[in-house]
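The residues making up each chain are set out below.
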Amino acid sequence: MVVTHSLGFPRIGVRRELKFALEAYWKGESSRAALVALGAQLAQRNWKIQAGLDLVPVGDFSFYDQVLDMTFTLGNLPERVRGFGGDPLDNYFRLARGRSVDSDRYGREIPAGEMNKWFDTNYHYIVPEFDAATEFSLDATRLLEQLAQAQRLGVRAKPVILGPVTYLLIGKSRDGSEKLDLLERLVPVYAQLLEVLAAAGAEWVQVDEPVLVADLDANWKDGLDRAYRQLASSRARLAGGCPAPARARSRARGPVHVTPTPFLRRATLLPIIHPPPR
């Protein structure tokens, strides 16, 4: 049996509704409730368009970018945005833009997160920040809310998350420490996230590791293998995703050679899932 799915869906809206709604909110011309309602409407519209698929991606919708979403999911908040007294969505925008609608009420403007291009596209993401003392803690609220919303509509949902190795590799070490050393702290939080999603009814979870298009050194390849050996025991089935641009894929010099565990070979097959017999 072949199960069909997509890796994700454009979130901006056919008439760029999300762009205009964000701009209106940031200018104080609309409410947070109106922005959140528009986001839910766009997500539902996208699920409806993909109704013919066996698995529909959930969590691919974002108010800013998918890397920043993962930063908040993993609790990897820079010191300058901790302790914010306002709404979590406004704190999210503080890290993205340096300020929020509630900045005057809850504190001065702060340095925004550094932006970088998503591989060789013109899309940008907020770069995760690390140091040797970085700790991670799970906040699955965003994913669980989208998953519950999809389930109420009868969608067979497949949560989509950015993988741990990509998350570390595209981030920035602020003190020169080795980012890969954080993998042992990070993977257990991913394992916890997978268990939470499975408990909420997710059968499949798509884990995107677009760094597989890059020329990785031996340490990072070993990190991939170690991470997915640990995550393979999750109750949720893992589907590999690699949503880097085709140009980047075409420039990869042959296959990415990672220690060939059976799980990792299965996790990086794209884009059709062949689930085991039930």
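Residues numbered from 1 in each chain as written. Predicted model: local features only at pLDDT ≥ 70, side-chain atom pairs only at ≥ 80, totals over all residues. Heavy atoms only, no water.

J.: Please clarify how the environment of Asp131 should be interpreted in this entry.
T.: As for its position among the elements, Asp131 is in the loop between β4 (129–130) and α6 (141–152). In this structure, the C-alpha to C-alpha distance between Asp131 and Leu182, residues 51 residues apart in sequence, is 8.9 Å. In contact with Asp131, not counting residues within four places along its chain, are Asp175, Ser177 and Leu182. (Helix = DSSP H or I, 4+ residues; strand = E, 2+ residues; numbered from the N terminus. Contact = heavy atoms within 4.5 Å.)

J.: What am I meant to see in the packing of aromatic side chains here?
T.: The geometry of an aromatic ring pair is captured by the separation of the ring centres together with the interplanar angle, meaning the angle of the planes. Under the defined criterion, the tally for this structure stands at 10 aromatic pairs. With centroids separated by 5.6 Å and ring planes inclined at 70 degrees, the aromatic side chains of Tyr92 and Phe93 adopt a geometry described as edge-to-face. Exposure class is identical for Tyr92 and Phe93. Each is buried. Seen from their ring centres, Phe130 and Tyr167 are 5.6 Å apart, and the 80 degrees between their planes marks the pair as edge-to-face. (Phe/Tyr/Trp six-rings, centres within 6.5 Å; stacked < 30°, edge-to-face > 60°. Buried < 20%, exposed > 50% of the residue type's maximum accessible area, 1.4 Å probe, protein only.)

J.: Honestly, the environment of Glu23 in this entry has me stumped. Any pointers?
T.: Tracing the backbone through its elements, the reader meets Glu23 in helix α1 (residues 17–26). Considered as a pair, Glu23 and Leu35 are 12 residues apart in the sequence and their alpha carbons are 10.0 Å apart.

J.: Before we go on, may I ask you to explain the packing of helix α2 (residues 32–49) against helix α4 (residues 88–97) in this structure?
T.: When two helices pack together, their arrangement is captured by the angle between the axes and the distance separating the axes. Interaxial distance between α2 and α4 falls to 11 Å at its minimum, and their mutual angle equals 85 degrees. With respect to each other, α2 and α4 are oriented roughly perpendicular. Residues Arg32, Leu35 and Val36 of α2 form the contact with α4, whose participating residues are Leu89, Asp90 and Phe93. (Axes fitted to C-alpha atoms, helices over the stretch in contact; angles between N-to-C directions. Parallel < 35°, antiparallel > 145°, perpendicular 65-115°, else oblique.)

J.: Looking at this structure, how should I read unusual backbone geometry?
T.: Outside of glycine, negative phi angles account for most residues, and trans bonds account for most peptide bonds. The phi angle at Arg16 is positive, at roughly 60 degrees, despite the residue not being glycine. Relative to the assigned elements, Arg16 resides in the segment before α1. Owing to a relative accessible area of 43%, Arg16 belongs among the partly exposed residues under this scheme. Even without being a glycine, Phe119 presents a positive backbone phi close to 55 degrees. As for its position among the elements, Phe119 is in the loop between β2 (115–117) and β3 (124–126).

J.: Would you take a moment to explain the nonpolar core for this structure?
T.: If you look at soluble globular proteins, the nonpolar side chains tend to sit buried side by side. Grouped together as the largest cluster of nonpolar side chains are 48 residues, with contacts concentrated most on Met70, Leu74, Phe136, Ile161, Tyr167, Tyr190 and Val205. Looking at this core element by element, the count peaks at 9 residues for helix α8 (residues 183–199). Apart from the residues within four sequence positions on either side, Tyr190 is in contact with Met70, Leu74, Ile161, Leu162, Gly163, Pro164, Tyr167 and Leu231. Counting residues in hydrophobic clusters, the runner-up holds 20 residues, among them Leu22, Leu42, Leu89 and Ile110. (Core = buried A, V, L, I, M, F, W, Y, C linked by side-chain atoms within 4.5 Å.)

J.: Would you mind going over the pairing of strand β7 (residues 204–208) with me for this structure?
T.: Regular strands have side chains that alternate between both faces of the sheet. The buried fraction of β7 amounts to 5 of the 5 residues, a majority that puts the element mostly inside the structure. Side chains Trp204, Gln206 and Asp208 project from β7 onto one buried face, and the interleaved Val205 and Val207 project onto a second face that is buried too. By the bridge criterion, 3 bridges tie strand β5 (residues 157–162) to β7 in an arrangement that is parallel. For Leu162, the partnering residue across the bridge sits in β7 and is Asp208. (Pairing = 2+ DSSP bridges.)

J.: Quick question: what am I supposed to make of the pattern of salt bridges here?
T.: Applying the stated criterion to the full structure yields 14 salt bridges. Two residues, Glu129 and Arg80, come together in a salt bridge whose shortest N-O distance is 2.7 Å. Pair noted here: Glu129 is in strand β4 and Arg80 is in the loop between α3 (66–73) and α4, with a separation of 49 residues, a long-range link. In this structure Glu129 comes out as buried when scored by relative accessible area, which is 13%. Arg99 is paired through a salt bridge with Glu109; the nearest N and O atoms lie 3.2 Å apart. Within this pair, whereas Arg99 is found in the loop between α4 and α5 (103–106), its partner Glu109 is found in the loop between α5 and β2, the two being separated by 10 residues in sequence. Here Arg99 falls in the partly exposed class, since its relative accessible area comes to 25%. (Salt bridge = Lys/Arg side-chain N within 4 Å of Asp/Glu carboxyl O.)

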